[in-house]
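The chain contents come next:
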Amino acid sequence: MITLASKKNCTGCMNCMNSCNTGAVSMTKDSLDNLYPQINSSKCIECGSCVRACPELSQANLNSPIKCYAAYSTDNNIRWFSASGGGISSVYKLCLLKGYPFTGVQFDIDTMTANHHIGFGEEDIEKFRNSKYTYSFMNSICMDILEQTKKQIICFVGLPCQVAALKRFAATHHIDNNRLFFVDLICHGVPSHEYLKEHIKKTVHAKSIEAITFRDSDYMTSKFVLSVKHDGGKKYSKFVESDDNYQIGYHNATIYRPNCYQCQYAKAERVGDITFGDFSGFGKIAPFEGNVQNEKSQGISCIIVNTQRGQEWVNEMIDNNLLKCFERPLDEALRYEQQLNRPSLKSEYRAGFEQLYPKNGFTATCNKIFKKEKIIRPVKHVIKRCAKFVLRRK
Ligand SMILES: Cc1cc2nc3c(=O)[nH]c(=O)nc-3n(C[C@H](O)[C@H](O)[C@H](O)COP(=O)(O)OP(=O)(O)OC[C@H]3O[C@@H](n4cnc5c(N)ncnc54)[C@H](O)[C@@H]3O)c2cc1C
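Values in this document were obtained by computation on a predicted structure and should not be read as measured data. (Residues numbered from 1 in each chain as written. Predicted model: local features only at pLDDT ≥ 70, side-chain atom pairs only at ≥ 80, totals over all residues. Heavy atoms only, no water.)

**Student:** I'd love a proper account of the site of the ligand, names of residues and values included.
**Tutor:** In the vicinity of the ligand lie 33 residues, with Ser84, Tyr92, Val105, Ser131 and His188 positioned nearest. Residue Tyr133 places a side-chain N or O atom 2.9 Å away from an oxygen atom belonging to the ligand. Within the contact set of the ligand, a nitrogen atom lies 3.0 Å away from a backbone nitrogen or oxygen of Thr134. Notes on the ligand: free accessible area 900 Å², of which the protein chains cover 99%. (Near = heavy atom within 4 Å. Polar contact = N/O pair within 3.5 Å; in protein donor to acceptor, adjacent residues only side chain to side chain. Areas by Shrake-Rupley, 256 points an atom, 1.4 Å probe, with all protein chains shown as cover.)

**Student:** Any details on the nonpolar core? Residues and values, ideally.
**Tutor:** Counting 60 residues, the largest nonpolar core has Ile145, Leu180, Tyr195, Ile212, Tyr246, Phe353 and Phe362 as its most contacted members. Look past the residues within four positions of Leu180 in its chain and what remains in contact with it is Ile145, Thr149, Ile154, Leu166, Ala170, Ile175 and Arg309. Judged by nonpolar contacts, the second largest core, of 26 residues, contains Tyr69, Leu94, Cys155 and Leu323. (Core = buried A, V, L, I, M, F, W, Y, C linked by side-chain atoms within 4.5 Å. Buried < 20%, exposed > 50% of the residue type's maximum accessible area, 1.4 Å probe, protein only. Contact = heavy atoms within 4.5 Å.)

**Student:** Now, about helix 6 (residues 141–149): what can you tell me, with residues and values included?
**Tutor:** For helix 6, the complete set of buried residues consists of Ile141, Cys142, Ile145, Leu146, Gln148 and Thr149. Looking straight down helix 6, one finds that the buried residues subtend no more than 165 degrees of arc, so they occupy a single side. Buried residues belonging to helix 6 abut helix 1 (15–19), strand 4 (102–108), strand 5 (113–119), strand 7 (154–158), helix 7 (160–172) and strand 8 (180–185). (Helix = DSSP H or I, 4+ residues; strand = E, 2+ residues; numbered from the N terminus. Arc of directions from axis to C-beta.)

**Student:** Explain a nonpolar patch on the surface to me, and be specific about the residues and the numbers.
**Tutor:** Together, Ile375, Ile376, Val379 and Ile383 line one region of the surface with nonpolar side chains, adding up to about 370 Å² of accessible area. Along the chain, the position of Ile383 falls in helix 14 (residues 371–393). (Patch = residues over 30% accessible without salt bridge, like charges linked within 9 Å, V, L, I, M, F, W, Y side chains within 5 Å. Salt bridge = Lys/Arg side-chain N within 4 Å of Asp/Glu carboxyl O.)

**Student:** An account of the sheet that holds strand 11 (residues 234–239) is requested, with residue identities and associated values reported.
**Tutor:** Strand order in the open sheet formed by 3 strands is 9-10-11, with antiparallel pairing between adjacent strands. If you trace the sheet from one side to the other, it starts and ends with strand 9 (209–213) and strand 11, each paired once. In this sheet, neighbouring strand axes are inclined to one another by 10 degrees on average, regardless of whether the strands run parallel or antiparallel. Here strand 9 pairs with strand 10 (residues 225–230) via 4 bridges, running antiparallel. Residue pairing across strands places Thr213 opposite Ser227, the latter belonging to strand 10. (Pairing = 2+ DSSP bridges. Axes fitted to C-alpha atoms, helices over the stretch in contact; angles between N-to-C directions.)

And the structure:
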């Protein structure tokens, strides 16, 4: 009898499905619309390939952080249009210089899903740019990477659980780890793709969707603004502080996959050679010669170097003028970035969400559970802004 990771731990990486030689494993949605593997017993020969490929059943080696930088792309345009400082684009550009392919996540408007792909050129860098705050499908990316490693090194960028999945896939498919360079992103959780799909369908009422962004640079790059461009230039935009169901559910940790609430990678030790994230603690421990607020508003990435190889790549990005870096105390990242210490905590609304979603769907459920939140949030925001204004005048 084959036993895969429990629903509490499964990250939906699809390694089990992709490692099965008899096609016995498929991914199916549960009542909360998260994807989990299902084994067809009539096809299963109990060879155990799926179990061996599961990253949650065999823990990945983690690296202790060595150094921390505040960093941004030397290309102002990239810096502005990226989620934080555009440092990931610098990694991709270094790959181009080295002649290596790289991976990233692209949003597919037709299916309203985020999917991992291999990139080979400048045009792919643009498609991968910016964070898509939703579950991303790994699909066949590990197998595609396996093919690439036969020819050259490839750089994988993904969430920590996805890096762990690739590492496990590499171990079970005899891929030489030296052929892989791993970049992990600090992550606070991913919701099912179905939530975003329903949310946009029911709130935007668009005939055609042209683009979706979760951090709209038209407002300010560090602002979490969910924007949907639709119907020939119209735009639906909702700030993180607004009454938008997706923004509320995502940012208050109500709607993530169950495994995100016990994520084993939400800690200081990292699965990647380098880690990228936002830098909320920038300037909080050691003085910075420039203007912290100014740099933050233009976009700052936090880079944590976890291996010697990671340090070499950062040095190469600096030497090739792709990245501007300022070394910072490690504690500025570790102390202030919650997901470097522990997984996201379930919000007070989570139990209601789990209970109501299967029958009511995303919009009706959120309208019910977030009634109070929709009043409190904007008020809290105004108070916070007023307090900041007063403090600044003092
Ligand atoms: C789901 C998610 C949650 C995050 N949570 C946090 C957090 O709590 N704290 C924090 O400090 N930082 C978090 N980040 C990281 C942050 O949003 C930026 O991605 C990071 O700072 C790098 O920004 P950048 O400007 O260098 O790159 P950008 O150009 O903005 O690049 C974004 C990179 O993320 C990849 N990516 C985008 N969406 C996904 C996805 N759904 N799944 C996997 N990879 C994806 C892209 O392929 C690209 O490589 C999160 C990112 C994601 C995707």
